[in-house]
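Spelled out, the chains give:
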Amino acid sequence: MPTTPVSALPIHLLDLAAQHAPIQSEINAALQEVLSQAAFIQGPAVGEFARELGTYLDEAHVIPCGNGTDALQLALMSLGLPAGAEVIVPAFTYVATMEAVAILGLRPVCVEVLPDTFGLDPAAVAAAITPRTGAIIAVHLFGQCADLTSLTELARQHRLALIEDNAQAIGATWQLAQGPAVFAGTVGEVGTTSFFPSKNLGALGDGGALFTRDEARATYLRQLANHGQTRKYYHEHVGLNSRLDTLQAAVLRVKLRHLPTWTAARQQVAALYDDALSGLSGLQIPVRDARSTHVFHQYTVTVEPGRRDALQEFLRERGIPSVVYYPVPTHLQPAYQYLGYQPGQFPVAEQLCRTVLSLPIHPTLPREQQHYIIGAIKEYFGAGAQ
Ligand SMILES: *Cc1c(COP(=O)(O)O)cnc(C)c1O
C-alpha cells in the first residue's frame, strides 16, 4: 500500500472549522449582538434572516422553523389532508421525508426514483396516484433538482399539492419549460429546507425553514410554527413549537452572504472530480439533468455492483473518508414495515443503496487532497495513480 503523504492529511468529509475561520469575526459580532439584545426567541435577526433569504430566492416568502423535519411536518399540516391520506415519497431519500408523513397519521407511499439523477421517477409517480393521494414530496437529492417540470404538471393534472424537500439543494435552480429558471424549493405549494450544520447553508445547531409564494399560506405556516397562535395567547390552530433560535438566525445571516461563493467552490471541486473520474470503467460520476444546476451537497458516484464496499475500504485505508447515503431504501426501513413493502419492489432504489458512494466535498477541500483522492480511486479501478 502506498504511504499517505502527511501533507495530504487529515481529509475531512466536511470541514466546518475551516469554513468558519475566515468569517469568525463576523460570526462573533453577530452572536454578541444577540447576547446584548437578549431576545433569544423571535428576536430581530429571525425576521431579518427570513427577509434576506426570501430576497435571495427571488422574493419567496420564508418561514423559519426549528429544523428541516419540522419544516416537512408543518408543510403537510398546512395542506389539511384528511387522516390516512396518501403522500408520495421517494424510496431513496433521507428518512425524515417519510417520517413527517407518518407522524401525522398520513400514509407514506414509496415511489421509485430515477437511476441517474436519483429524483422521483415521474412515470412511477403517475402510476402510484390513487383517489386517496393528497400530496407528492419531491426531494432534490444531493444538490440537484428532481424533475420539477413533470412533477409540477402531474400535481396540477391530479390536483395534488407538491412539496419540495430542499434540505440538500438550497440555491439550485431549475429551468422550467417556459419562463425563467426558478429556485429549488419555490416551485411547489411549499418548499422546505434544513440548516443542520452539515447542509450547504448550515447553522451552529438545528434550524429549518419553509418557502412559499402564497402569502396566505406563509401567514398560516408562521402561525402553525408558533403554537398556532394568531396573536399572543390566542390559538386558532393546533400548532407546533418550532422556531429558529435568534442566535442561529444571526449566524445564518452571516453565512447566507457567503453561500454563493461556497456553492461555486463546491462546483469547482465537482468539476475536477468530473474531469478526472469520467470514463473510468466501473464508476459513474454524478449525472446532470441539463435543466438543473447542481449545488453539490454531496458528490455521489455509483460503483459497479459488488465493488462499492471494497472501494470504500480501499479509500479508508488511505485516510480518505466516504459515506453511503443511504444504505437502506425508505420502504425497507424497519420502522415502516407496517406499510407492507417487500424487498424487490423498488429495484432502482435498492440498487442505489448498494452502489452509491459520496466522496469528500466541501468549499475548502484543498486541491492537493482532491488530487490524492482522485489518484486513489483511479488506482482502485486499475487506471493508474494519475
Ligand atoms: C437533512 C434532511 C432533512 C432533515 O433536516 P433536519 O434539519 O435534520 O431535521 C430532511 N430531508 C432531507 C433530504 C435531508 O437531507
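Counting restarts for each chain, with residues numbered from 1 along the sequence as it is written. The predicted nature of this model means local features are confined to residues of pLDDT at least 70 and side-chain atom pairs, given and counted, to a pLDDT of 80 or more, with totals for whole chains, interfaces and linings taken over all residues. Note: side-chain values were computed over all heavy atoms of the structure, leaving out hydrogens and water.

If you look the chain up in an unreviewed UniProt entry, it shows as DegT/DnrJ/EryC1/StrS family aminotransferase from Hymenobacter cellulosilyticus. UniProt positions are given in the numbering used here, feature names are shortened, and annotations may be inferred rather than shown by experiment. As recorded by UniProt, the Sequence similarities (unreviewed entry) comment attached to the chain reads in full: "Belongs to the DegT/DnrJ/EryC1 family."

Draft legend 1. Geometry of unusual backbone geometry. The omega torsion across Tyr325 and Tyr326 is 10°, close enough to zero to call that bond cis. The numbering of helices and of strands both runs from the N terminus, where a helix is a DSSP run of H or I of at least 4 residues and a strand a run of E of at least 2. Counting through the fold element by element, Tyr326 comes out in the loop between α10 (308-317) and α11 (347-355). The phi dihedral of Glu59 falls on the positive side, at around 65°, and the residue is not glycine. Note that Glu59 resides in the loop between α3 (44-56) and β1 (61-65). If you check the backbone angles, His227 has positive phi at about 60° while not being a glycine. By the element assignment, His227 lies in the loop between α8 (215-224) and β10 (229-231).

Draft legend 2. Main features of the packing of aromatic side chains. The aromatic pairing rule takes the rings of Phe, Tyr and Trp, using the six-membered ring of Trp, and pairs them if the centres are within 6.5 Å, calling planes under 30 degrees apart stacked, those over 60 edge-to-face and the rest tilted. Summed over the entire model, instances satisfying the criterion amount to 15 aromatic pairs. Centroid distance Phe118 to Phe142: 5.5 Å. Interplanar angle 80°. Geometry classified as edge-to-face. Highlighted residues: Phe118 in the loop between β3 (107-111) and α6 (122-128) and Phe142 in the loop between β4 (133-139) and α7 (148-157), separated in sequence by 24 residues. By relative accessible area, Phe118 is classed as buried at 7%. A ring pair is formed by Phe296 and Tyr299, whose centres lie 5.8 Å apart and whose planes are at 25°; its orientation type is stacked. A 1.4 Å probe rolled over the protein chains alone gives each residue an accessible area, and that area as a share of the maximum for its type sets the label: buried under 20%, exposed over 50%, partly exposed in between.

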